[in-house]
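An overview of the molecular structure
Spelled out from the first residue to the last, the chains are:
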Amino acid sequence: MSHAAFAARIAADRPVIVLPLGSQEEQGPHAPMGDFVAAERIAMAAAEAAGAVCAPVLPFGFAEFFRGFPGGVQLRGPTFRAVLRDMIDSFLDHGLDRVVIVNGHSTNAPLIAEVVHAVRRETGVVVPAIHLWRSLPDAVWEEAHADRAAAARGHGADPVTSVMMYLAPGLVGQAPSDTPERKPVFGLPSDPHFASARFGGASVDLPLDATEVADDGIGSGDPSLSSAQAGRTFTRFLVRHVADFLDHFAKCDPRRPDLGPEER
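Here's a quick rundown of the structure. Keep in mind that this is a model prediction, so the values were computed, not measured.

Moving on to the layout of surface pockets. In this structure, the largest pocket encloses a volume near 660 Å³. Around the largest pocket sit 28 residues that line it, and S106, T107, G154, H155 and H193 are the ones nearest its centre. Along the lines of polarity and charge, the residues of the lining of the largest pocket split into eleven nonpolar, eleven polar and six charged. In this structure, the second largest pocket occupies an estimated 150 Å³ of space. What lines the second largest pocket is M1, F6, A47, E48, A52, V53, C54, A55, P56 and F91.

As structure tokens, this is what we get:
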């Protein structure tokens, strides 16, 4: 929209503003770098369904342990927090105080929490964050993969690979037929999420690069089980889930989390 068109839009009502976030990082040897593509398309579809306004996606996120793979763009923690705060303030400055983050990169989550807590302390406004891949319930996983859900799940596999096969099939290549063995760390088995190892039945966090434990960038899950049909199942659920929340939040006072829509 032009600035004039946007001004006219917000003069008619005070829409919910959706901020999609993602990252530019490896997703295995078969999938394009950039889960921001999926985050933006899901956020845009949900915003359209709910009568909200979707801002441009922030395509870069916090992903320190993917620096070893070429082509990724990782923001440092202070940079990510500063950019996200500037994005939120750009709407708060114009009285648009219903802002919802739709995040497609799980490692952004703790930094998002820091920012939105600071926003509330300083302005009183509550900014919710929906973390897409964590929002998928077991029932949706079972609908998508039946008894193979656990085998399909993980970084470099699903849900991102199937969602990209559904939303942008031309960007997804052939999944590898076999996965290299994960490399140990200090003689210990490494965890699927790269930056930890197992010791005594528990996980020990370690400042590792993903290349130190997985040459192909696949954390867990079998991408050969991914499909556009499974991606359709994931995407349809997430669009409806986000749209329903946007509808709900539009009726709430973002400064009064103690009140429901009917109590404003």
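The next point concerns the nonpolar core. Ranked by internal contacts, the top residues of the largest apolar core, which has 37 residues, are L132, W133, F234 and L246. Those elements giving two or more residues to this core turn out to be α2 (36–50), β3 (99–103), α5 (138–145), α7 (160–167) and α8 (228–250). Element by element, the count of residues in this core is highest for α2, at nine residues. If sequence neighbours within four positions are ignored, F234 has contacts with L136, V140, W141, A144, H145, D158, P159, S162 and V163. I88, L96, V99 and V127 belong to the second-largest nonpolar core, a separate cluster that totals 24 residues.

What follows is about the environment of R255. Its place among the elements puts R255 in the segment after α8. Considered as a pair, R255 and F245 are ten residues apart in the sequence and their alpha carbons are 17 Å apart. Apart from residues no more than four positions distant in its own chain, R255 is found in contact with D97, T123, G124 and V125. A polar contact of 2.5 Å, which involves the side chain of R255, links it to the side chain of D97.

Reading guide: rules and limits
- All chains use their own residue numbering, which begins from 1 and follows the written sequence.
- Whole-chain, interface and lining totals are the exception, using all residues; otherwise, since this is a predicted model, local features are given only for residues with pLDDT of at least 70 and side-chain atom pairs are given and counted only at 80 or more.
- Side-chain descriptors were evaluated using all non-hydrogen atoms of the structure, hydrogens and water having been removed beforehand.
- A pocket, in this scheme, is an open set of points on a 1 Å grid over the protein atoms alone with protein on both sides within 12 Å along at least 5 of 7 lines, while a cavity is a set where a 1.4 Å probe fits but cannot get out; residues line either one if an atom lies within 4 Å of a point.
- Grid points are joined across faces, edges and corners, and a volume is the space filled by probe spheres set on the points.
- Classes in brief: Ala, Val, Leu, Ile, Met, Phe, Trp, Tyr, Cys and Pro nonpolar; Asp, Glu, Lys and Arg charged; the others, Gly included, polar.
- What makes a nonpolar core is a set of buried Ala, Val, Leu, Ile, Met, Phe, Trp, Tyr and Cys residues whose side-chain atoms join them at distances within 4.5 Å.
- Only protein chains enter the accessibility calculation, which uses a 1.4 Å probe; a residue is then buried when its area is under 20% of its type maximum, exposed when over 50%, and partly exposed in between.
- Numbering of helices and strands starts at the N terminus; helices are DSSP runs of H or I of at least 4 residues and strands are runs of E of at least 2.
- Residue contacts are counted whenever heavy atoms from the two residues lie within 4.5 Å of one another.
- A 3.5 Å cut-off defines polar contacts: any pair of N or O atoms within that distance qualifies, except that in protein one atom must be a possible hydrogen donor and the other a possible acceptor, and neighbouring residues in sequence count only when both atoms are side-chain atoms.

By themselves, these figures tell us nothing about what the structure is for.
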